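Okay, here's what each chain looks like letter by letter:
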Amino acid sequence: MEILQIVGLGLVATFLALIVKEHNPSFAFLLTVFVGVIIFIFLAEQIANIVAMLEELAESAQINMVYMETILKIIGIAYIAEFGAQIAKDAGQGAIASKIELGGKVIIMVMAIPIITAIIETVIGLLPN
């Protein structure tokens with residue numbers, strides 16, 4: 001039922017922003033950002049539960065926690081970059097939104113290098129000499 005609360009809050013904020021935008025566009029933008037942050041805070045507990053569950057699975061599968069931490073950081077960067085890009089798009093700054101997305105992608109690639117290296121080394125180790 002949490003999705004109904006999120007969608008309800010989002011729709012109410014959307015209608016309010018549309019009404020307020022005619023008289024005060026900057027206030028409508030602030031309302032949009034505020035509601036986005038509220039929704040993110042509302043989801044923080046769910047995100048923490050997912051991270052805890054993934055950490056338990058990694059421990060039980062005896063996966064190196066460095067790799068799991070890196071994957072979780074990559075996922076976090078992707079969500080944060082998307083959130084920032086959407087805010088920039090809402091403000092009418094499509095060019096800045098594109099740069100935020102590009103920055104997120106580059107950082108993700110840099111963080112993924114150790115995982116890619118480990119996968120390649122594992123595959124090479126499995127190949128016959």
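Residues numbered from 1 in each chain as written. Predicted model: local features only at pLDDT ≥ 70, side-chain atom pairs only at ≥ 80, totals over all residues. Heavy atoms only, no water.

With that settled, the discussion passes to the environment of N24. Looking at the secondary structure, you find N24 in the loop between α1 (2-21) and α2 (25-60). Residue class for N24 comes out partly exposed when judged on its relative accessible area of 35%. One polar contact links N24 to S26, side chain to side chain, over a distance of 2.9 Å. (Helix = DSSP H or I, 4+ residues; strand = E, 2+ residues; numbered from the N terminus. Buried < 20%, exposed > 50% of the residue type's maximum accessible area, 1.4 Å probe, protein only. Polar contact = N/O pair within 3.5 Å; in protein donor to acceptor, adjacent residues only side chain to side chain.)

Now for helix α3 (residues 65-90). Between its first and last C-alpha atoms α3 spans 37 Å; for 26 residues at 1.5 Å apiece the expected length is 38 Å, and the two agree. Taken residue by residue, α3 has M68, T70, L72, I74, I77, A81, A85 and A88 as its buried positions. Contacts made by the buried residues of α3 are with α2 and α4 (94-126). Two or three places before V66, at the start of α3, stands the capping residue N64, its side-chain oxygen 3.1 Å from that residue's backbone nitrogen. Backbone geometry just downstream of α3 places G92 in the positive-phi region, at approximately 80 degrees. (Expected span 1.5 Å × (residues − 1). Contact = heavy atoms within 4.5 Å.)

Now for α2. The end-to-end C-alpha distance of α2 is 52 Å, a good match for the 52 Å that 36 residues give at a rise of 1.5 Å each. Along its length, α2 reaches its greatest deviation from straightness, about 40 degrees, at A44. Residues of α2 that are buried: A28, L31, V35, G36 and A58. Buried residues in α2 make contact with α1 and α3. Just beyond α2, the residue with positive phi is Q62, at close to 55 degrees. (Bend = angle between axes of the 7 residues up to and from the residue.)

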